[in-house]
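For reference, the chains in residue letters:
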Amino acid sequence: MIVAEAVGRALAACGAGTVFGVVGSGNFHVTNALVAAGARFVAARHEGGAATMADAYARMSGRPGIVTVHQGPGLTNALTGITEAAKSRTPMVVLAGEATEAQSNFHIDQAALATAVGAVPMRVTSADEAVAQAVRAYRVAAGERRTVLLNLPLDVQSAPYTGAVEVPAASQASSAVAEAGELAAALEAAERPVFIAGRGARHARRELEALAERTGALLATSAVARGLFRGSPWDLDVSGGFATPLAAELIRGADLVVGWGCALNMWTTRHGSLVSPGTRVAKVDLEPAALKTHVPADVGVVGDVAQVAAALAGVVPAKAGYRTPELAGRIQAEGRWRAVPYEDDGDGGRIDPRTLTIGLDDLLPAERIVSIDSGNFMGYPSMFMDVPDENGFCFTQAFQSVGLGLATAVGAALARPDRLPVAALGDGGFLMGVAELETVVRLGLPMVIVVYDDEAYGAEAHHFGPHDHPLGTVTFPPADLAAIARGHGLAAVTVTRREDLADVSTWLSGPRDRPLLIHAKVTRDRGSWWLEEAFKGH
Ligand SMILES: Cc1ncc(C[n+]2csc(CCOP(=O)(O)OP(=O)(O)O)c2C)c(N)n1
Ligand SMILES: [Mg+2]
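Enquirer: Could you clarify how one ought to interpret the overall build of the protein chain in this entry?
Expert: Helix and strand counts for the protein chain come out as 22 helices and 18 strands. Its C-alpha radius of gyration of 24 Å places the protein chain within 12% of the 24 Å reference for a compact globule of 538 residues. Referenced to the eigenvectors of the C-alpha coordinate spread, the extents of the protein chain come out at roughly 70 × 60 × 45 Å. Going through the 538 residues of the protein chain one by one, you find that 57% of them count as buried. At a minimum sequence separation of 6, the contacts of the protein chain that also span at least 24 residues come to 76%. A total of about 21000 Å² of accessible surface is found on the protein chain, and carbon and sulfur atoms cover 53% of it. In the protein chain, 45 positive and 58 negative side-chain charges are present, and the distance between their average locations comes to 3 Å.

See below:
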């Protein structure tokens, strides 16, 4: 055995089960060792795709994401996806070959690269320490929710490994019960509490619902945690730019907003405007630093959301709080975007993206997992397409990169094979990530890919258009995206009117043995309203 194989075996023994990557000489042996030890290897067509697939897989499965890449360009290609994962605190291990000879074409300072994007650089330095170092990388990723780059120097990889591959049992992290007396008092005093759950609360629905029930709180989430409270009559859906008018009104009406594993950033609070003057703000977060960033907390608790919520439910007195029969009725009647009237601006040649999305929401099975790319279009699927729960929505937007949506959908699909995967993309993001179209077909994923095609980098066109700037750099001639999809072996339909969605029904009632691309030519006269809001932050 060589060191590379020992590392692969050790990681498999830690629990690495699904591995994404592009294989070259520098990660060939470690990847094969993972496969030999029982892991599933998913070949991406671009390392950027591999990193994002692993990130999405980790988010939707709750298991660490594993990526393997070649040294140098294999790693630089993966960097945008690694950055997204690092910013999102996705538990992920990136295994990269490393050319330590300065003369090598592949040589770069890989550790510095990881540090630059917020990932944790580690390295396997010798045969003696290889297994312990691999295990440590996995445990830092899983236990501390970090994205770890484990560099595998080529000379160390090929050294003989004679020891056993024994993985010591992980020590149980001791969980101190947080001091939450001040928050208990704030909840007791609140007449109209609203809970906003973020990424750090995605595991804590039960505890938060119980505490909200006791304190009379209404429930909302950040975009990343969308779906967490689905089914609750007090669910306001997303807080922030995607919030319904009713959700925005009720959050503004709160006298206490509690961010649970949620930093209350500019997106979640519309630049702070959803938190009214005089409203108390509390936050519960594992990271002390999060308590003071963005909208700062008046009351901060450092701790795990589920544990803090469970402890509080035992001590706060029961009250009706914000929950009245009248509000329950309003939430039921007005609590979803679909209930908000709008004027359809379709003209036969182009479909209104709201009409498109509502039509798809009606047609697609409820058991779905929706992944979203970045751009002007992104609010339509995030607002008008419902999801079954927090593992039905995958939002890789911490780095605000265009082009991650398709790979996100692949990773999400593999995490939840029981759900219909839906990728919602702009034309720009689709063409940027198009390398993974072949992966979707090769893996046999029954995916629905919706492309909101405005023949433009719409976000930019709507940003600069109103100021009379020339837009030639951000607009494009029509491209036959359906033909591109068919060329890859997908089924494809072009939609310019609501009636064209009948072709989607036909696909849904068929064998679904090929993925479907919906090339929707969408209206483009106006930018979306949440984008206007977002531009205030640029
Ligand atoms: C990697 C990357 N490049 C550029 C940008 C700047 N940018 C933000 S939105 C956008 C346009 C995306 O176009 P498209 O996918 O067609 O969506 P649309 O805005 O048209 O709905 C661009 C270029 C970015 N966020 N990320
Ligand atoms: Mg576009």
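Enquirer: It is not clear to me how the nonpolar core should be interpreted in this structure. Could you clarify?
Expert: Ranked by size, the top nonpolar core spans 50 residues in total, and within it Phe20, Ile82, Val94, Leu406, Met447, Ile449 and Leu517 carry the most contacts. Residue contributions to this core peak at eight residues, all from helix α16 (residues 405-415). The residues contacting Ile449, other than those within four sequence positions of it, are Leu406, Ala423, Leu425, Leu437, Leu490, Leu516, Leu517 and Ile518.

Enquirer: Any chance you could explain the site of ligand 1 here in plain terms?
Expert: Around ligand 1 there are 17 residues in total, and Asn376, Asp427, Gly428, Gly429 and Gly458 lie nearest to it. In this structure, Gly458 approaches ligand 1 through a main-chain N or O atom, which is 2.7 Å from an oxygen atom. For ligand 1, a nitrogen atom lies 2.9 Å from a polar atom in the side chain of Glu460. Protein contact buries 77% of the 580 Å² of open area that ligand 1 shows by itself. Of all elements in the fold, only α17 (427-432) and α19 (458-464) reach the threshold of two or more residues within the shell around ligand 1. Tallied by class, the residues present in the shell around ligand 1 amount to five nonpolar, nine polar and three charged.

Enquirer: Honestly, the environment of Asp345 in this entry has me stumped. Any pointers?
Expert: Residue position: Asp345 is located in the loop between α13 (325-334) and α14 (353-363). The exposure class assigned to Asp345 is partly exposed, which follows from its relative accessible area of 25%. For the pair Asp345 and Thr523, spaced 178 residues apart in sequence, the C-alpha to C-alpha distance is 7.0 Å. Residues within four places of Asp345 in sequence aside, it is in contact with Asp352, Arg354, Thr523 and Arg526. Of the polar contacts made by the side chain of Asp345, one reaches the side chain of Thr523; its length is 2.9 Å.

Conventions we followed
Residues numbered from 1 in each chain as written. Chains lettered and ligands numbered in written order. Predicted model: local features only at pLDDT ≥ 70, side-chain atom pairs only at ≥ 80, totals over all residues. Heavy atoms only, no water. Helix = DSSP H or I, 4+ residues; strand = E, 2+ residues; numbered from the N terminus. Rg over C-alpha atoms; globule rule 2.2 N^0.38 Å. Buried < 20%, exposed > 50% of the residue type's maximum accessible area, 1.4 Å probe, protein only. Contact = heavy atoms within 4.5 Å. Areas by Shrake-Rupley, 256 points an atom, 1.4 Å probe, with all protein chains shown as cover. Lys, Arg positive; Asp, Glu negative; His and termini not counted. Charge placed at Lys NZ, Arg CZ, Asp CG, Glu CD. Core = buried A, V, L, I, M, F, W, Y, C linked by side-chain atoms within 4.5 Å. Near = heavy atom within 4 Å. Polar contact = N/O pair within 3.5 Å; in protein donor to acceptor, adjacent residues only side chain to side chain. Nonpolar A, V, L, I, M, F, W, Y, C, P; charged D, E, K, R; others polar.

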